[in-house]
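Notes for the structure review
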Amino acid sequence: MTEARPAEAASTSLWERAEEVAAIERAIDTLRADHSSSGSLLVIQGEAGLGKTALLNETRRMAEARGCQVWSARGGETLRSVPFNVVRQLLQPALIRLMPEEAREYLGDWYDVAGPALGITEPGGPQADPQGVCDGLVAAVRRLARRDWPLVLLIDDAHWADQETLRWLAAFAERLDDLSVLVVVARRPGEVTGESARHLDAIAAASGHPDATLSALTPEATAGLTRATLGAHADAPFCREVWAVTGGNPYETVELLAKVGDSELEPTEGAAVELRALNRSARGGGLVARLEELGVDATRFAWAAAILGNDISVDLVARLATMDHENAARCATLLQGARILTEPDPAGTQLGTGEMEFVHPLIQSAVYNSIPDALCTAMHGIAAQVITDSGRGAAMASRHLLRVHPDDDEELVEQLREAAREHLAVGAPDAARRCLERALLEPPRPEVHARVLYELGCATLLTAPAVTIDHLQSALGMPGLDGDTRVDAVFRLSQALLHNDQLQEAVRTVEAEAARLEDGPAKLRLQAVQLMWEGIFSGEAVSPGRSERLAALASTCTGRDNSERALLILRGFDALIHGENAEEVVEYCDRALVNGRLPPGLGWTDTEWGVELLIMLTSSYAHADRLDRAESLCNEALRAYEAAGWSGGHLVLAHAYVGLTHRRRGRLREAEASLRESLRFAERVGRGLPLYWTVTCNLVDTLLARGHVAEAWEIAEEYDFAPPYPSTVVMPDARSVRGRLLLAVGRTKDGISELEEAEKAAAACGHRNPVVVAWALDLARALAREEPARAAQLAADARRQAERFGTDTAIGEALRCAAALETGQRAVRLAAQAVAYLEASPCQYEHAAARVEYGIAARSVAEINRGLALARSCGADGLVTQAREVLETGRGLR
């Protein structure tokens with residue numbers, strides 16, 4: 001049992017908490033011992049009233065006594081819809097000490113990303129990336145924590161924290177290994193479901209050990225607490241009844257003992273019968289009755305305070321309760337004397353200008369639930385106006401607006417739309433969704449209804465494509481969406497359909513809308529979008545004659561506007577995958593740029609066209625051996641996304657294509673590093689998406705090039721790199737890479753079968769470029785012994801296609817394969833030709849492989865050594881091993 005001084009016993013409620021207090025003390029001492037030690041996370045779990053807050057108070061006391069900084073925050077039952085509420089509370093002590101220029105210096109590049117969510121700077125755009133904001137908050141707290149070491153973070157009532165804070169906390173908890181900070185989280189079990197529950201589970205898992213689960217006090221501890229509070233003369237039957245009445249709940253025990261003290265009841269067996277009545281008056285209906293005894297004004301004041309939930313100041317409550325300041329101050333004093341309100345607890349919220357808070361969340365819940373329903377709704381409406389009038393903005397008022405009954409209120413609809421815009425701007429799309437869904441219930445005026453649905457569809461696009469589809473289809477079926485807004489709604493609907501694996505429906509949607517428009521920029525945009533979605537389909541053409549229609553449209557384009565530029569990019573990509581001449585591919589792509597750069601409105605963070613178009617542009621340059629241009633685009637994408645704080649799917653693709661350009665260059669170590677970073681980001685976005693396939697496929701391909709076959713197989717197994725394949729194009733071709741992997745691990749029959757499936761899939765959609773869909777060269781090698789005639793035919797066909805495409809890399813690789821199928825001097829001549837082409841190519845790994853193979857065929861030590869040096873510089877460990885083994889045997893070499 002934890003010893004407690006009698007004077008503190010009632011307030012701290014730390015009886016029978018010795019184990020938990022000791023664990024906290026050890027964690028604080030470990031934190032203080034070494035600035036470079038790993039951080040730690042403690043999760044305290046328990047039902048209401050079991051002493052979680054008391055343990056956090058004790059944590060604060062011990063930490064501050066040992067010279068630690070302590071930041072704290074608390075979730076609130078009525079505040080869960082306020083995004084970033086708890087994390088703002090947590091950072092308040094650090095932020096209020098910093099001037100704006102100091103905050104910018106400490107947060108660096110993350111200032112503009114995390115600042116709007118923290119309320120210290122204005123948003124920089126209409127919609128922030130939620131994952132980017134989360135990452136920005138993680139970086140912000142990490143930087144501030146290093147400055148304020150040793151730092152302890154306390155979060156009470158985490159089960160009532162807003163979802164955005166829980167998402168941040170889960171991400172932060174995963175990164176404590178290299179940050180010396182102690183995080184203590186208190187929560188009730190089983191209070192939440194859905195995303196919030198998932199985040200809480202992730203937080204608990206990050207602690208690395210079981211939660212500290214609090215239990216009720218034993219009869220012995222209850223007796224000790226009773227005697228410490230009322231005096232040693234409290235007899236055993238009385239103490240036993242205290243335990244029976246409260247069930248050993250520490251909070252209820254403390255409250256009951258306080259009531260016993262107020263009533264001057266003697267703690268004897270004869271008085272024990274009074275305890276149940278006293279206990280009822282301290283909780284639930286009894287508490288409400290006690291509140292009513294304080295008078296109508298005090299009750300109204302308490303109700304208003306419960307509606308506000310936080311920032312409870314006499315002035316705000318007075319305005320909400322419609323009473324003068326003097327009367328409000330008198331009511332506040334009465335409620336503090338009745339232990340309903342108190343001055344802010346140092347372990348609780350520190351946000352804003354609050355002058356008081358409820359003594360315990362149970363009391364606030366009881367008071368709030370006692371407000372008559374109609375009055376509660378009305379008071380929330382008034383509270384929204386009070387918050388707005390105080391200059392805190394529509395977003396802060398929105399939690400009250402959400403609770404107002406629908407009443408055909410045009411002004412309310414506009415307030416909710418404005419709140420949604422503010423939520424989106426700080427990276428809280430779920431909060432925006434709630435506001436817009438509520439606006440629809442009002443309902444909006446007919447001429448506004450479609451726009452609300454459109455805004456709702458935009459808010460849910462990244463998180464719920466199926467929901468977005470319903471909203472945007474409904475919006476497009478109503479009057480009110482015209483001009484560019486309607487075109488944008490159709491484009492976003494097609495995006496949602498694509499992300500929901502409804503590619504053919506996406507195509508039909510934009511095709512139908514384009515058909516009803518007259519010739520002009522809007523129609524041309526939708527035609528380009530249709531062709532774009534058809535272009536990334538990995539199966540047979542969605543509509544016949546697509547390439548011919550695209551070529552005809554592109555032939556009239558000069559690059560006057562972004563619709564024409566988009567068509568030129570699409571034409572270049574189409575030429576790439578069909579194996580047309582690489583110079584023409586590059587010419588189309590170059591014409592889409594302005595002075596060699598992406599034009600305004602077509603940048604990586606512009607949303608009018610989407611990232612798919614720029615990925616096609618980058619891929620075209622990368623596979624046409626214009627790697628300098630591809631690298632420039634990829635690096636520009638990284639800079640743009642990191643500056644904008646976009647760290648979801650966009651950053652996944654940016655890192656993936658940086659990896660692809662490194663792989664094409666032959667910088668295999670750098671490629672692997674970029675692709676692993678991309679995979680780390682992709683894990684947060686979710687498996688099974690096309691971008692996930694792109695990352696995994698490129699990483700497997702890179703590991704195979706490095707000769708790390710076992711690692712490539714592990715990645716494939718861990719990340720489900722196997723059939724069924726996505727319906728969108730993956731570059732390089734996923735079936736071809738999978739077939740090469742199977743061959744590498746010795747599953748020759750399966751590998752051949754997979755490559756033959758790649759052959760069929762490529763033939764069905766006309767993908768003839770051997771650089772992009774490289775099944776033929778691997779299949780020819782695999783069949784060389786058992787089916788030499790077929791292998792030779794495959795190699796000859798691949799060579800013709802490579803010569804048609806015309807890049808040094810394509811021709812050199814085809815010659816490498818042809819040499820591998822020959823013997824004697826013919827093999828030597830073909831290998832020498834392969835070296836000549838690949839020496840002129842920017843792809844150094846392929847050049848290294850050709851050098852080693854030529855050296856072996858020609859039995860030349862010098863050529864093998866040249867290949868060995870290139871292989872080392874590329875990080876091609878398998879090729880290095882092969883060259884060394886040949887040199888070490890030395891048989892027949894000269």
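Just so we're clear, the structure is a prediction, and the values are computed from it rather than from any experiment.

What counts and how
Per chain, residues are indexed from 1 in the order of the written sequence. In keeping with the predicted nature of the model, local features appear solely for residues at pLDDT of at least 70, side-chain atom pairs appear and are counted solely at 80 or more, and the whole-chain, interface and lining totals rest on all residues. The basis for every side-chain value is the complete set of heavy atoms in the structure, and neither hydrogens nor water enter the calculation. Secondary structure elements follow DSSP: runs of H or I no shorter than four residues count as helices, runs of E no shorter than two count as strands, and numbering proceeds from the N terminus. Type-normalised accessible area, obtained with a 1.4 Å probe on protein chains alone, sets the label of each residue: buried when under 20%, exposed when over 50%, and partly exposed for intermediate values. Values of accessible area rely on a 1.4 Å probe in the Shrake-Rupley scheme; residue burial ignores everything except the protein chains shown. We define a salt bridge as a side-chain nitrogen of Lys or Arg found within 4 Å of a carboxyl oxygen belonging to Asp or Glu. Only C-alpha atoms enter the line fits that serve as axes; for helices the fit covers just the stretch in contact. Angles between N-to-C directions range over 0 to 180 degrees. Should an angle fall under 35 degrees it is taken as roughly parallel, and over 145 as roughly antiparallel, whereas 65 to 115 is taken as roughly perpendicular and any remaining angle as oblique. We call two residues in contact when some of their heavy atoms are within 4.5 Å. Points on a 1 Å grid over protein atoms alone make up a cavity when a 1.4 Å probe fits among them but cannot get out, and a pocket when they form an open set with protein on both sides within 12 Å along at least five of seven lines; lining residues each have an atom within 4 Å of a point. Grid points are joined across faces, edges and corners, and a volume is the space filled by probe spheres set on the points. Residues are grouped as follows: nonpolar covers Ala, Val, Leu, Ile, Met, Phe, Trp, Tyr, Cys and Pro; charged covers Asp, Glu, Lys and Arg; every other residue, Gly included, is treated as polar. The criterion for an aromatic pair is that two Phe, Tyr or Trp rings (for Trp, the six-membered ring) have centres within 6.5 Å, with stacked assigned to planes under 30 degrees apart, edge-to-face to planes over 60 apart and tilted to the rest. We call a charge positioned over a ring when the NZ of a Lys or the CZ of an Arg lies within 6 Å of the ring centre and within 35 degrees of the ring normal. Between any two strands, at least two bridges found by DSSP are needed for them to pair. The crossover handedness rule: strands pointing away from the viewer, path from first strand over the helix to second strand clockwise, crossover right-handed. We define a nonpolar core as any set of buried Ala, Val, Leu, Ile, Met, Phe, Trp, Tyr and Cys residues linked to one another through side-chain atoms lying within 4.5 Å. Note on terminology: disulfide denotes any pair of cysteine sulfur atoms within 2.5 Å. The hand of a helix crossing depends on one turn: near helix anticlockwise from the far one by less than a right angle means left-handed, and clockwise means right-handed. For every residue, the predictor states its confidence as a pLDDT score lying anywhere from 0 to 100. A helix's residues, less one, multiplied by 1.5 Å, set its expected span. The arc in question is the one spanned by the directions pointing from the helix axis to the C-beta atoms. Whenever two N or O atoms come within 3.5 Å, that pair is a polar contact, provided that in protein one can donate a hydrogen and the other can accept it, and provided that, for residues adjacent in sequence, both atoms are side-chain atoms.

Notes on the overall build of the protein chain
For the protein chain, the count of helices and strands is 45 helices and seven strands. Counting only C-alpha atoms, the protein chain reaches 110 × 70 × 50 Å along its principal axes. Taken over 894 residues, the protein chain has a buried fraction of 58%. Only carbon and sulfur atoms are counted for the fraction: they give 49% of the accessible area of the protein chain, which is about 35,700 Å².

Digging into the environment of proline 237
The residue proline 237 is located in helix 11 (residues 236-246) in this model. Sequence-wise, proline 237 and threonine 268 are 31 residues apart; in three dimensions their C-alpha atoms are separated by 7.2 Å.

Side note on the pattern of salt bridges
All told, the structure shown has 61 salt bridges when counted by the stated rule. In this structure, aspartate 488 and arginine 492 form a salt bridge, with 2.7 Å as the shortest nitrogen-oxygen distance. Here aspartate 488 pairs with arginine 492, and both are found in helix 25 (residues 483-499), just four residues apart, close to one helical turn. There is no split in this pair, since aspartate 488 and arginine 492 are both buried.

Quick word on the packing of helix 15 (residues 296-308) against helix 17 (residues 325-337)
At their nearest, the axes of helix 15 and helix 17 sit 9 Å apart, and the two run at 85 degrees to each other. By the angle between their directions, the pair helix 15 and helix 17 is classed as roughly perpendicular. Counted together, Asp297, Ala298, Phe301 and Ala302 of helix 15 and Asn327, Ala328, Arg330, Cys331, Ala332, Leu334 and Leu335 of helix 17 form the full contact between these two elements.

Let's talk about the layout of surface pockets
In this structure, the second largest pocket occupies an estimated 1,100 Å³ of space. Lining the second largest pocket are 37 residues, and of these Arg740, Asp778, Arg781, Arg816 and Tyr845 lie nearest its centre. For the lining of the second largest pocket, the leading source of residues is helix 41 (residues 808-820), giving six residues. Of the residues belonging to the lining of the second largest pocket, the class tally is 22 nonpolar, five polar and 10 charged.

As for empty space enclosed by the protein
Within this structure, the stated rule accounts for three cavities of 30 Å³ or more. Each pocket or cavity is described by its volume, and for the second largest cavity that value is around 100 Å³. Contributing to the lining of the second largest cavity are Leu79, Val82, Asn85, Leu308, Asn310, Asp311, Leu316, Ile387, Arg392, Met396, Arg399 and His400. When residues in the lining of the second largest cavity are grouped by element, the largest group, three residues, is from helix 20 (residues 393-401). A class-by-class count of the residues in the lining of the second largest cavity yields six nonpolar, three polar and three charged.

A closer look at the packing of aromatic side chains
On inspection of all chains with the given rule, the structure shows six aromatic pairs. Considering the side-chain rings of phenylalanine 491 and tryptophan 533, the 6.3 Å spacing of their centres and the 5 degrees angle between planes classify their relative orientation as stacked. One end of the pair, phenylalanine 491, is in helix 25; the other, tryptophan 533, is in helix 27 (residues 521-535), and 42 residues separate them in sequence. The residue whose ring lies beneath arginine 525 is tryptophan 609, and the NZ or CZ to ring-centre distance is 5.7 Å. Just above the ring of phenylalanine 681 sits the side chain of arginine 680; from NZ or CZ to the centre is 4.6 Å.

Here's the deal with unusual backbone geometry
Here the bond from glutamate 442 into proline 443 is cis, since omega is -5 degrees, no more than 30 degrees from zero. Mapped onto the elements, proline 443 comes out in the loop between helix 22 (429-441) and helix 23 (446-460). In this chain, methionine 731 is followed by proline 732 through a cis amide linkage whose omega measures 0 degrees. Here proline 732 shows up in the loop between helix 36 (709-718) and helix 37 (734-744). Residue glutamate 264 is not a glycine yet carries a positive backbone phi of 55 degrees. A relative accessible area of 70% means that glutamate 264 is categorised as exposed.

Some thoughts on the sheet that holds strand 1 (residues 40-45)
In space, the five strands of this open sheet follow the order 2-3-4-1-5, with parallel pairing throughout. Looking along the sheet, the strands with just one partner apiece sit at the ends: strand 2 (69-74) and strand 5 (212-213). For strand 3 (residues 151-156) and strand 4 (residues 181-187), the ladder comprises five bridges, and the chain directions are parallel. Along strand 4, the bridge assignment pairs leucine 154 with valine 184. Against the sheet, helix 2 (residues 18-33) engages strand 1, strand 3, strand 4 and strand 5, with an angle of about 160 degrees to strand 1. The strands that helix 3 (residues 52-65) touches are strand 1, strand 2, strand 3 and strand 4; relative to strand 3, the one it contacts most, it runs at about 165 degrees.

Let's talk about the side chain of aspartate 488
According to the relative accessible area criterion, aspartate 488 is buried, its value standing at 11%. Each residue touching aspartate 488, except ones within four places of it in the same chain, is listed here: Tyr454 and Arg525.

Points about the pairing of strand 4
When you tally the buried positions in strand 4, you get seven out of seven residues, the bulk of the element. Note: strand 1 against strand 4, six bridges, orientation parallel. Residue pairing across strands places isoleucine 44 opposite alanine 186, the latter belonging to strand 4. Where the polypeptide runs from strand 3 across helix 8 (residues 163-173) and back to strand 4, its parallel neighbour, the crossover connection is right-handed.

Re the environment of isoleucine 371
Relative to the helices and strands, isoleucine 371 resides in the loop between helix 18 (361-370) and helix 19 (373-389). A relative accessible area of 3% means that isoleucine 371 is categorised as buried. With sequence-adjacent residues up to four places away left out, isoleucine 371 is seen in contact with Trp303, Ile307, Cys376 and Met379.

As for the nonpolar core
By size, the foremost hydrophobic cluster in this structure holds 197 residues, and its most contacted members are Phe301 and Trp533. Not counting the four nearest positions on each side in its chain, phenylalanine 301 is found in contact with Val317, Met323, Ala328, Cys331, Ala332, Leu335, Leu341 and Met356. In this structure, Tyr111, Leu153, Ala161 and Ala173 belong to the second largest nonpolar core, which totals 51 residues.

Quick look at the state of the cysteines
The final tally for this structure, using the stated rule, is zero disulfides. The thiol of cysteine 376 is unpaired, and the distance to the nearest cysteine sulfur, on cysteine 435, comes to 18 Å. You can call cysteine 376 buried: its relative accessible area is 10%. For the unlinked cysteine cysteine 458, the closest cysteine sulfur is that of cysteine 435, found at 15 Å.

Here's the deal with the packing of helix 35 (residues 690-706) against helix 37
The interhelical angle for the contact between helix 35 and helix 37, taken along N-to-C directions, is 35 degrees, at an axis separation of 10 Å. In this structure, helix 35 crosses over helix 37, and the sense of that crossing is left-handed. Here helix 35 contributes Trp693, Cys697, Val700, Asp701 and Leu704 to the contact with helix 37, which in turn contributes Ala734, Val737, Arg740, Leu741 and Ala744. Taken together, the residues of the contact of helix 35 with helix 37 break down into eight nonpolar, no polar and two charged.

A word on the environment of phenylalanine 681
In this structure, phenylalanine 681 sits in helix 34 (residues 668-685). Residue phenylalanine 681 is classed as buried on the basis of its relative accessible area, which comes to 7%. Once the C-alpha coordinates of phenylalanine 681 and histidine 655 are considered, the two residues, 26 residues apart in sequence, prove to be 9.1 Å apart. Among all residues touching phenylalanine 681, those that are not within four sequence positions of it are Asp135, Ser647, Leu651, Val652 and His655.

Considering the pairing of strand 3
Counting buried positions along strand 3 gives six out of six residues, so the element sits mostly inside the fold. As defined by bridge partners, strand 2 adjoins strand 3 across six bridges and the pair is classed as parallel. When the bridges of strand 3 are listed, alanine 73 appears paired with isoleucine 155.

Focus on the confidence of the model for the protein chain
Put simply, the protein chain has an average pLDDT of 88, and 96% of its residues get 70 or more. Ignoring residues within four places in sequence, the model shows residues 1-12, a span with pLDDT below 50, making 20 contacts including any to other chains.

Focus: helix 17
Taking 1.5 Å of rise per residue, the 13 residues of helix 17 would be expected to cover 18 Å, and the 18 Å separating its terminal C-alpha atoms lies within 8% of that figure. Taken together, the buried positions of helix 17 are occupied by Asn327, Ala328, Cys331, Ala332 and Leu335. Each buried residue of helix 17 lies within a common arc of 140 degrees when the element is viewed along its axis, so the set occupies one face. Among the exposed residues of helix 17, those pointing more than 90 degrees away from its buried face are Glu326, Thr333 and Gly337. Measuring from the backbone nitrogen of glutamate 326 back to the side-chain oxygen at the start of helix 17 gives 3.2 Å, which picks out aspartate 324 as the cap. Residue arginine 339 follows helix 17 closely and has a positive phi angle near 55 degrees.

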